[in-house]
Each structure stands twice: as C-alpha cells, then as structure tokens.
Amino acid sequence: MRFFSNNFQKRIFGILFLAFTTTLYAFSQSASVKGIVKDSETGETLPFCNVFINNTTISTVTDMDGAYILEGLEPGAIELSFSFMGYEAQTKPITLNPGGTLTVNLSMKALETELSDVEIKAKRDKTWERDLRKFENLFLGNDAVAGQSQIENPWVIDFPEAEEKGSFKAEALLPIEIMNNYLGYKITFDLKEFFDNPTSYRIAGAARFEEMTPESENQRTAWEQNRADTYRKSPQNMFRALLTGEHQKEGFYLYGDKAGGSPSMNMRSDIFANELGRSVVEYKPDNLVTKADKPGEYLINMKGRIEIHYQKGYTQVNTYKDAPYPVSWLEVNGGKVRVKENGSVLNPQDLVFSGDMDRKRISTLLPLDYDAEKAIQLQSLERTAQNLQEKVFIHTDKPVYYAGDEVYFKAFINYGNPYLKEELSKVLYVELINENRDYIIEKKFKIFNGGVSGNFHLPDSLSEEKYFLRAYTNWNRNYGPDYLFMQPLEVLDLYSRVSPGTASEVQNPNFSVKPNQDQYGKREKVTLTLSAKDQSQMGIQAILAVSIIDQTQIPMVPYPVNITDQLKLEKIPETVNLDRFSYQIEKGLTKKGKVTDEKGKGEEGEITVFVNDFEGMIDLESDKNGEFAMEDMEFYGPMKLAIQAMDKKGKPIENVELVEDLKAPVVLPLNPIFPQTTKADEAIRPLQLIEPISANEEAEDGTKEKKSSQAIYGDPDYIVTGDKLMGTGNTVDLVNSLAGNVPGMRVIIAGTSGQQQIRIRGGGSSASGSFEPVVMVNGAVRPSVGSITAADNLRTIDPRDIDRVEVVSRIVSTLGEQGKNGVIAVYLKEGGNGSGPLGTKGMSMFTIEGYQPPQSFYQVDYEQEEESMAKDIRQTLYWNPMLVTDESGNASITFFTNDNAGPMTVEIRGLSINGAPISGTFTINQK
C-alpha cells in the first residue's frame, strides 16, 4: 500500500487540502503463488510467517517447513507481502499469469534491534504522547470514523527528528495493529515510510486485513452497511462508474471550470446554483473513456480541475450552502487516469485529490478483495411501484403564523429505494388551502438532493384563521390521496394569541440538546449542541431542519403531523403495474397549450414562443388536436411569453391558450386539530414599523410623499409617484429616473457584462452574494437568482403602468435575507399588468410562474449587525433547514435571543443518512 502526495499548495475556497491516493485492483480465481521462507543468515525455514496480498484479506502462514501457497488469485500485477515477528517486513511486486503458479522464495533479515529494546520504550514521555496524537490524526484520520479506530500497540511507533523544518516523521520496527470498529476489520500495517509537512505527505507500507467477529447480528449488519457506504463514495466506485457512464446514477456529478468564466476559480460564491453555468459547467468531454494499450485497462480523460459532487451522502464541511453533500476536487498530471475495469487506479502517483476524498486515511480503507458487487446490487433494484415510491413531509419553522408572516419550511422526501431518487420527481407542489377548498397560495419548488428548502409569504389580507398546507409531487398522486402531505395550518390576525398549556415537551430518547449555559438574557448569544444517537448509542449522521421559537409569543404547540407516520411507506403488491399510473414523473416544469381555429377546432401547426421580451425563443409544433407543450423547463419566478402560431399554409392562428393541469382533488382531514386561541388588546407586532408621513407632506428633495398601504416592510422611506417617472417606454430610463428621485440610490455597471446593478444603502452582502435591494410588484417578490439583477426586474415593467414606487433603504427583517439591502416596491395602476413594451400584433401574451425563488432565513447577529433593531420581537429566533450532524451524531448551532429573553422551543425534524426519520422537541431557558 502506498499513499502519495504531490507538492500541492493551492487553497481551494480557503481550505488547504492534501493528496490521498491508493492502488486498487480486483481478483478472480485463475492464478496461484507458492514458495518457501527462510532466515537469510542461517538458512533455516521460518514457520508461521504471515504471507499476504497487500491491502487484502487474502493471507496465509507458512507451515513447519516454511512453505506457503495462495490460490485463486486474479492474474496480473500484485504485491506479495511477508511479515514475521523479529524480522524486517518485505513486499515484492510480482505478475501472475492466467492459470499459472508462480514460485516466490524469500530470505528474511532479522531485525537489528532486540524486542526488549522496543518493549522498554512502552513507557514514553509527554513529547512522545503528543507526537502519537498527531500521528494518529494523520495516519488514521481525524473524523468520527477514525474515532472508532484504535492503534493497539502504539509503543512500537517512534518519531525521529525530521531534517526539514516543519516536517514530521514516524517509524515502526514492528507491524502496527489497528482495530477498526467502524468497518469491522483488524489491520496489521507494516509501516515502511511516514512523512508529513505543510504541503505534502507520504505513507508507504503493507496492510493485511482480517475480518473481526461481530458480537451481535446488529453489529454485523452495521459493519456491512458501513462498508457498502464507504465503497459507494470511494474513488474506485467513481472511476468504475465513469467507465460505464453510470457515475450520476452512483451519485457522482462532475463539473469543470468554465472557460472564460470566473476570473479566479478560487473566488466564488457559496451558492452552487449561482455558480453553475457561470464559473463551472458539467464536465462532458467528447472522449471521456478510451481503451489503453493493455487489455483490460482504460484511460479516463480528466483534464483541468474536476469538481466532484457526491450527492448520496451528507457532510458538515459544506463548500456550498445549497449542497450539503461531500465535494472533492481532482487534478491529474497528464490529464489521464489509467484504470482497470473495476475502477482500480494504475497511476495513483499522478492523482491529487482535495476536499472530501482527501480527508480519508487508514480508517476508511477497504481491502481490495472487498465484494463491491453486493453494494452495487443494492443500487440496482427493479423499477417497481414499491421501489419508486416517494412521500413528502413538511416541517415549518413555526406551528402557528400571523397574517403577513413569511413561512419557511423544509420538505423531506422518503423514497422506496433511495438509489433511484435521481430518476424521480424534481418538482414539488406546495399549496395553502382554506376550509372551503379554495386555493389561497400555489407554489412550485425544485427538489434538490431529495428535499426542498423553501419559503412563501402569507398576505396581510388573510382574514380566515384555519388553513391547510398541502404538498405533493405529480408522481405520488398515483398512490392515492393518503400519499399527499396535508397539515392544518392556523393563520391568526395580529390580535389573536395561542392559549398556553396546549402542549408539553416531547423528547426523543435518542436525541438530546445541550445549551452552553442555563439562562440567557436579552440579545444574548446562545450555543446549542445537538446529539443524535441510536439505541446502541452510536452516532446518527443526519440532515436536520431546526427551528428555535420564542415561547412568550408562540407557546409550545404540537405539530399536527408526525414525521415518522407521514413518511411511512406502504407495501405495494407486485401485481401493481406502472403502466396503470396516470401521472408522470416530472423532471422539470411543463406548460401545455392549444391552438384552435375560429370554430374552436384544434389546428396542426408551428408554434414560436418568445421568452421575456425576446431574450429567447422556443420552436414547437402542435399536433392534429392543436395541442403543444413546453417541457422540462427550469426557471424561477414569473416568465413572460409571446406566442405566435402558424398553420401549415403559413397563415396566423389567432386563438392560442395555455391549458391548466387538473389539480389534485382536495381531501381535508376529518377532524383537524387547531390550537386554541384568545383575543388580546394589542397587536402581536406593531402595525407600522416607523411613524407614517403625512399624505401631503413634501420631502426635503421636493418629492411628494404618499402614505403607504400596510405592506410587510412597514412604511417606506421614499415614495416616487408615476408622474415623476419617465413614461416614454424606455425601460432603461425607468431605472435611472428612479435613481434620480431617490436620495442615495446609485446605478452602476457590473464588470464587463454591461448589467446594471442598484445600490440604495451601504449594506453588506446577502447569503447569495448580492448587495442589491429586493424588487416587489404589487406585494409579490420578483426573483433575483443567478445573474438576474434588480435592474433586470425593473426593466420588465412598463413605466406607463406604474402608480407609485415605494423605496425602503433600511434592513427589512421581515423579508429575511432578501430584505438585507432594502426594498423597491412597485405598485401598478388599476388595470396595469406590468408587462414591458412587447405588444406585437398577432401574438398572444402570457405570464407563467416558475419555481419559487429560494430565500435564506435572515439570521440576526448582534456581534456583526450594522443597524440594530429598535425592538426585537422575532418569533422564530433561528431556522436552519440544512443542518448536518457528523459521524458521531453531533452538530452545533448559535443564535441570539430577542428582547423577550424567555423560554424557547427547540423543534428538530430530519432524516438519517439511511432514510430513518428523527425528531425532537425541547425547551431551553426555562425560568
């Protein structure tokens, strides 16, 4: 076994990575090796000498005559190792021929150091103990998996002084014995070389694996699962899958740096959705795999820096906020990886890994003869109704809301077979429905990595108190109404209160929360340690949604839907045929339409769809019934369409309509449970955030101020009426004219793109890296994702339709992260549709809605806040829909209390890495 590291000093996203590679191969029963082992000085045979294939469980011992034989080996190059107490361990590279038997005799040299000298050193000083801890971290690894591995005979290891400054060396005269309780192997490692410095490291030696005997059936099952999980995310599995083109099915998504993209590949935002297409693109070379010059060997084309996303696991070391899975990087000297059919690497010295694949050391090694086929079979189950199940659970940041609130939620999806989730739905429907089955809110969210982190706004105008939150995919409608998530959701007016004492703390016995102190005051920093354990007190690695709620405003209320009950999958009979399913798996957004003649009969013809003021164009054809469809679309927020239809003779077809899909039937719970409420004399929050300005009051700059309606952001700082704006139809003038009427507002050009960007205050960057205000039209937030700027959103509005523009230059905490840099709220005249100057004769105009743009929860930080709130009355103090526990089941969160500084509810919901639901409800800061 050898571990190599090139001199690799790059810092990727601020983290220094080391290289980690190993030689891998597979076996078949077609060759043998035999021989005799003797003492090099006396010539006497050595019985009971260990003979093994390096880095495998394949081993034997010499008999009384010093003879050995290993049979059933795969032909090709292998490393044959010899280890015997009191002798120098040796490893010999050999090549086995198919059907042949190779004879390898060996003379072993006795160690010059007596065993007693080694044993005397068992008692070491403090410097040695410090070096041992450092060695364990570098040799075994420093993650929770390594924490379950232990060196049984550390006294055999010594640490000579290194010649190079900052270097660290280790040596062992006897084999190092390692007990790996995570994978269930005992490893005997003959250390040949160990070297580490700040820029590289090198480990060389021979490893002999022995399977440990499990103490119980549960431990055996856990070891098998851990081994399979370790193999699935290994470089060997990735390279094997690349040969067959199944790497994405195995969870490996590869990206490369975009040519002419980001000026520096190390300066990116922490939102991967923003970087995809801008600085990185999917890695798809013309010739990914070619045959090498030797039979059974292949070359994989890996040029440049390859970014590897393993989407079938979780990690706490998140490179991107929207990608809670392991991310690695690979650079290959020469741009070619030479591998065998099973993915084993033949030129490991040319590979430099960084990121997650680099952090693993001895503790995550599998023997080369590990039966990977078993792990692969777990992923290759049949496409049956049982395996293709998907079921949704929604956890909201609060159990009760008020009109005007923002609802933050996490959608967890349980799959019949998690390895098939990439073949299933990518569109989640979320709806708010009242008691009369009327649709109040309808949103679509993109499913990413088996879940959704989303939010939507509750209008101030909501007057009813009892609503229902529903979520589903188009595909799970096939399984009946019980597969659709339905939860009572009470929305109160500002003078209502939840009656206290309606719920009690319910703790999951396998989940615990530990605060860093017993009591907290106003605006004080809180640190919580969360710990998830299974019944055997082993850590549960999981992805969690965690909320902290102020109990003085929202007393502890039970969530009406239990995550375990909701995500439970039914046993589907094998007789259920997928051909009977009516609803399709949606990989993207679909919009159907129809063209008809004057008599209403469908016409076959050619359809041209112009997108967003002719920024793009789609060519379609309608069938004989006049039907057409735009399929697998991916866009956020509203999109304007101008549709032109021509029949087969080239004559315009005037009648074009977009067809709405039939909604899933609404089945309300028979006896929904809502919290009991009372009325109060005062509103739960101020009706206005600042003192209103008189309707006739003139601003200092002469701009006439107009009293705002009750908007989520309170009263604006500036109001510009429509007659003050330039109504020429030139939308560029709208942006500049608005800047001329609002003190402190600036319009700049971003780099060489020519895009306009708006600044209305000196605020900091939001989670997406933007310094711009959010744009709202008639109270609805316009999306600002990817490269879309606030100016882009304003340019979609016809200035002639504008009644007024309200501008907020301060932080708007009620809008979360998106309100960090203020608001530009456009209100249209009655009858105005806000569309830009697109109206071309002969075209039908439509606006369709895409995915709801994701917005981050605004987390108050009193250590960093530039502007302090006058009164902090936040109800949700903390919300994180993507908290990941480590291998020990632990995670830590920090947040700040509000001005109430009272008891707080900790609500936790999530899924373990194996798909098991986990939950807990706790109270902290109890007075």
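Here the structure is a predicted model, which means the values were calculated and not measured.

### Details of helix α3 (residues 217–232)
Stage number 1. For α3, built from 16 residues, the straight-helix expectation of 22 Å at 1.5 Å per residue is met to within 8% by its first-to-last C-alpha distance of 23 Å.
Stage number 2. Listed in full, the buried residues belonging to α3 are W223, N226, R227, A228, D229, T230, Y231 and R232.

### Overview of a negative patch on the surface
Stage number 1. Taken together, the side chains of E604, E606, D619, E621, D623 and E627 present a region of like negative charge at the surface.
Stage number 2. With respect to the helices and strands, the residue E606 is situated in strand β39 (residues 605–611).
Stage number 3. Classification of E606 by relative accessible area gives partly exposed; the value is 48%.

### Focus on the pattern of salt bridges
Stage number 1. Per the counting criterion, the structure on display carries 31 salt bridges.
Stage number 2. Across the pair E74 and K340 runs a salt bridge whose closest N-O atoms are separated by 3.5 Å. Of this pair, E74 sits in the loop between β7 (67–73) and β8 (76–83) while K340 sits in strand β24 (residues 336–340); the two residues are 266 residues apart in sequence, bridging distant segments of the chain.
Stage number 3. Judged by relative accessible area, which is 17%, E74 ranks as buried.
Stage number 4. Here D493 and K679 are joined by a salt bridge, their closest N and O atoms 2.6 Å apart. Of the two residues, D493 sits in the loop between β33 (485–492) and β34 (496–498) while K679 sits in strand β44 (residues 677–679), which places them 186 residues apart along the sequence.
Stage number 5. Residue class for D493 comes out partly exposed when judged on its relative accessible area of 27%.
Stage number 6. Residues joined in a network through salt bridges with shared partners are E217, R220 and E224.

### Re unusual backbone geometry
Stage number 1. Of note, N449 is a non-glycine position whose phi angle comes to about 55°, a positive value.
Stage number 2. Structurally, the position occupied by N449 is in the loop between β30 (439–446) and β31 (451–457).
Stage number 3. Judged by relative accessible area, which is 10%, N449 ranks as buried.
Stage number 4. For A901, which is not a glycine, the phi torsion comes out positive at approximately 50°.
Stage number 5. Relative to the elements of secondary structure, A901 occurs in the loop between β54 (890–896) and β55 (904–912).

### What to know about a nonpolar patch on the surface
Stage number 1. Together, F48, V61 and M64 line one region of the surface with nonpolar side chains, adding up to about 330 Å² of accessible area.
Stage number 2. Relative to the helices and strands, M64 is located in the loop between β6 (59–61) and β7.

### Structural notes on the sheet that holds strand β35 (residues 511–515)
Stage number 1. Strand order in this open sheet of three strands is β35-β36-β54, and the pairing throughout is antiparallel. Each of the sheet's edge strands pairs with one partner strand only, and the pair in question is β35 and β54. The sheet shows a mean angle of 20° between the axes of neighbouring strands, direction not considered.
Stage number 2. Pairing between β35 and strand β36 (residues 525–532): five bridges, direction antiparallel. Each bridged residue has a counterpart across the sheet, and for K514 the counterpart in β36 is T529.

### So, the sheet that holds strand β18 (residues 252–257)
Stage number 1. Read across the open sheet, the five strands follow the order β19-β18-β22-β23-β25; overall the sheet is antiparallel. With partners counted over all chains shown, the strands left at the sheet margins are β19 (280–282) and β25 (351–355), one partner each. Across the sheet, the axes of successive neighbouring strands diverge by a mean angle of 30°, strand direction being ignored.
Stage number 2. As paired elements, β18 and β19 share three bridges and run antiparallel to each other.

### Section: the side chain of R477
Stage number 1. With respect to the helices and strands, R477 occurs in the loop between β32 (466–472) and β33.
Stage number 2. For the buried R477, which has no salt bridge, the nearest side chain bearing the opposite charge is D661, at an N-O separation of 7.0 Å.
Stage number 3. If sequence neighbours within four positions are ignored, R477 has contacts with Y472, L484, Y583, L662, K663, A664 and P665.

### Brief notes about the packing of aromatic side chains
Stage number 1. Tallied over the full model, the rule gives 28 aromatic pairs.
Stage number 2. An angle of 80° between the planes, with centres 5.8 Å apart, marks the rings of Y68 and F82 as edge-to-face. A residue pair is termed long-range when its members are at least 10 positions apart, and Y68 in strand β7 and F82 in strand β8 qualify at 14 residues.
Stage number 3. For F82, a relative accessible area of 0% translates into the label buried.
Stage number 4. Ring centres of Y479 and Y483 lie 5.1 Å apart, and the angle between their planes is 25°; this geometry places the pair in the stacked category. For the residue pair Y479 and Y483, the accessibility class agrees, reading buried in each case.
Stage number 5. These aromatic residues form a ring-pair network of at least three members: W128, F135, F139, F159, F168, F189 and F194.
Stage number 6. Positioned above the aromatic ring of F674, the side-chain terminus of K466 is 5.4 Å from the ring centre.
Stage number 7. Of note, K663 hangs over the ring of Y439, and the distance from its end group to the ring centre comes to 5.2 Å.

### Overview of the nonpolar core
Stage number 1. I394, L428 and L458 are the most contacted members of the largest nonpolar core, which has 47 residues in total.
Stage number 2. With seven residues, the single largest contributor to this core is strand β28 (residues 406–415).
Stage number 3. Once residues lying within four places of it in the same chain are set aside, the contact partners of L428 are V392, I394, A411, K443, K444, F445, I447, V452, A471, Y472 and T473.

### Concerning the side chain of R470
Stage number 1. Note on placement: R470 falls in strand β32.
Stage number 2. Owing to a relative accessible area of 1%, R470 belongs among the buried residues under this scheme.
Stage number 3. Polar side-chain contacts of R470 include one of 3.3 Å to the side chain of Y439.
Stage number 4. For R470, the residues in contact, after removing those within four places along its chain, are Y429, V430, E431, I433, Y439, L484, F485, M486, A664, P665 and V666.

### As for the environment of S149
Stage number 1. Assignment of secondary structure puts S149 in strand β12 (residues 149–151).
Stage number 2. Aside from chain neighbours lying at most four places away, what touches S149 is L140, I178, M179, N180 and S363.

### Structural notes on the pairing of β33
Stage number 1. With eight of its eight residues buried, β33 lies for the most part within the structure.
Stage number 2. Every second residue of β33 is oriented toward a common face, with F485, Q487, L489 and V491 on one face and M486, P488, E490 and L492 on the other, all of them buried.
Stage number 3. Of the strand pairs in this sheet, strand β27 (residues 400–402) and β33 are connected by three bridges, and their pairing is parallel. Looking at the pairing, Y401 lines up with V491 of β33.
Stage number 4. Examined bridge by bridge, β32 and β33 share six bridges and lie antiparallel to one another. What sits directly across from R470, in β33, is M486.

### Some details on the pairing of β18
Stage number 1. Among the six residues that make up β18, five are buried, leaving the element largely enclosed by the rest of the structure.
Stage number 2. Where β18 meets strand β22 (residues 305–310), five bridges bridge the pair, whose relative direction is antiparallel. Across the sheet, residue Y253 finds its bridge partner in β22, namely H309.

### Observations regarding the environment of A680
Stage number 1. In this fold, A680 is placed in the loop between β44 and β45 (718–721).
Stage number 2. Ignoring any residue separated from it by four or fewer positions in sequence, one finds A680 in contact with Y495 and R497.

### Details of helix α2 (residues 126–139)
Stage number 1. Here α2 is 14 residues long and its end C-alpha atoms lie 20 Å apart, about the 20 Å a rise of 1.5 Å per residue gives.
Stage number 2. Within the sequence span of α2, burial applies to W128, D131, L132, F135, L138 and F139. For α2, the buried positions fall inside an angular range of 130° around the axis, keeping them on one side.
Stage number 3. Residues of α2 that are buried make contact with β12, β13 (157–158), β14 (168–172), β15 (176–180), β16 (185–197) and β17 (200–211).
Stage number 4. Note on α2: the residue one or two positions beyond its end, G141, has a positive phi of about 115°.

Thresholds, definitions, all that
- Residues numbered from 1 in each chain as written.
- Predicted model: local features only at pLDDT ≥ 70, side-chain atom pairs only at ≥ 80, totals over all residues.
- Heavy atoms only, no water.
- Helix = DSSP H or I, 4+ residues; strand = E, 2+ residues; numbered from the N terminus.
- Expected span 1.5 Å × (residues − 1).
- Buried < 20%, exposed > 50% of the residue type's maximum accessible area, 1.4 Å probe, protein only.
- Patch = residues over 30% accessible without salt bridge, like charges linked within 9 Å, V, L, I, M, F, W, Y side chains within 5 Å.
- Areas by Shrake-Rupley, 256 points an atom, 1.4 Å probe, with all protein chains shown as cover.
- Salt bridge = Lys/Arg side-chain N within 4 Å of Asp/Glu carboxyl O.
- Lys, Arg positive; Asp, Glu negative; His and termini not counted.
- Charge placed at Lys NZ, Arg CZ, Asp CG, Glu CD.
- Pairing = 2+ DSSP bridges.
- Axes fitted to C-alpha atoms, helices over the stretch in contact; angles between N-to-C directions.
- Contact = heavy atoms within 4.5 Å.
- Phe/Tyr/Trp six-rings, centres within 6.5 Å; stacked < 30°, edge-to-face > 60°.
- Lys NZ or Arg CZ within 6 Å of the ring centre and 35° of its normal.
- Core = buried A, V, L, I, M, F, W, Y, C linked by side-chain atoms within 4.5 Å.
- Polar contact = N/O pair within 3.5 Å; in protein donor to acceptor, adjacent residues only side chain to side chain.
- Arc of directions from axis to C-beta.

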